Amino acid sequence: MIYEIIGWIGAFLFILSYFLLAKGIWKQEQARYHFFNLGGAICLVINAIHFSDPANMVVNGVWGAIAIMALYKYWKFYFRNKS
């Protein structure tokens, strides 16, 4: 039951972040957009591991890696310009 809830939380985070991006409320350059995507990916990977769903593990693992790369780029830019 807990793994299903974790999966639904992940799906909600993905959908919410994309909805807010599509509505123009969030921008692609904002860290919160990528944090929501990373959180969604982590939740769905946990869910996929529990339910032995390798395709879902790979897709969401890659999605999470992309979010980490975007956050790294954001923080690198942020701290470079803060100095």
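Note that the structure is predicted; figures quoted are calculated from it, not measured.

The backbone of Ser52 shows a phi angle near 50°, a positive value even though the residue is not glycine. With respect to the helices and strands, the residue Ser52 is situated in the loop between helix 2 (31-50) and helix 3 (54-82).

Right, let's talk about the packing of helix 2 against helix 3 for a bit. Angle between the axes and distance between the axes: these two values describe a pair of packed helices. At their nearest, the axes of helix 2 and helix 3 sit 8 Å apart, and the two run at 155° to each other. Considering the angle they form, helix 2 stands roughly antiparallel to helix 3. Seen from above, helix 2 lies across helix 3 with left-handed handedness. Contacts between helix 2 and helix 3 involve Ala31, His34, Phe35, Asn37, Leu38, Ala41, Leu44, Val45, Ala48 and Ile49 from the former and Asn56, Met57, Asn60, Gly61, Trp63, Gly64, Ala67, Ile68, Ala70, Leu71, Tyr74 and Trp75 from the latter.

With 20 residues, helix 2 should cover 28 Å at 1.5 Å per step; its first-to-last C-alpha distance of 29 Å lies within 8% of that length. Restricting attention to buried positions, one finds in helix 2 the residues Ala31, Tyr33, His34, Asn37, Leu38, Gly40, Ala41, Cys43, Leu44, Asn47 and Ala48. On the buried face of helix 2, the contacting elements are helix 1 (2-22) and helix 3. Directly after helix 2, the chain includes Ser52, whose backbone phi takes a positive value near 50°.

What follows concerns the environment of Met57. As for its placement among the helices and strands, Met57 is situated in helix 3. Overall, Met57 belongs to the partly exposed group, its relative accessible area being 27%. Taking the C-alpha atoms as reference points, Met57 and Ile68, separated by 11 residues in sequence, lie 16 Å from one another. Setting aside residues up to four positions removed in sequence, Met57 forms contacts with Val45, Ala48, Ile49 and Ser52.

What follows is about the packing of aromatic side chains. All told, the structure shown has 4 aromatic pairs when counted by the stated rule. When the centroid spacing of 5.6 Å and the interplanar angle of 65° are considered together, the rings of Phe14 and Trp63 count as edge-to-face. In this pair, Phe14 is assigned in helix 1 and Trp63 in helix 3, connecting sequence segments 49 residues apart. On the basis of relative accessibility, which here comes to 41%, the residue Trp63 falls in the partly exposed class. Measuring from centroid to centroid gives 5.0 Å for Tyr74 and Trp75, while their planes differ by 80°, and the two rings are edge-to-face.

What counts and how
Residues numbered from 1 in each chain as written. Predicted model: local features only at pLDDT ≥ 70, side-chain atom pairs only at ≥ 80, totals over all residues. Heavy atoms only, no water. Helix = DSSP H or I, 4+ residues; strand = E, 2+ residues; numbered from the N terminus. Axes fitted to C-alpha atoms, helices over the stretch in contact; angles between N-to-C directions. Parallel < 35°, antiparallel > 145°, perpendicular 65-115°, else oblique. Left-handed = near helix turned anticlockwise from the far one by under 90°. Contact = heavy atoms within 4.5 Å. Expected span 1.5 Å × (residues − 1). Buried < 20%, exposed > 50% of the residue type's maximum accessible area, 1.4 Å probe, protein only. Phe/Tyr/Trp six-rings, centres within 6.5 Å; stacked < 30°, edge-to-face > 60°.

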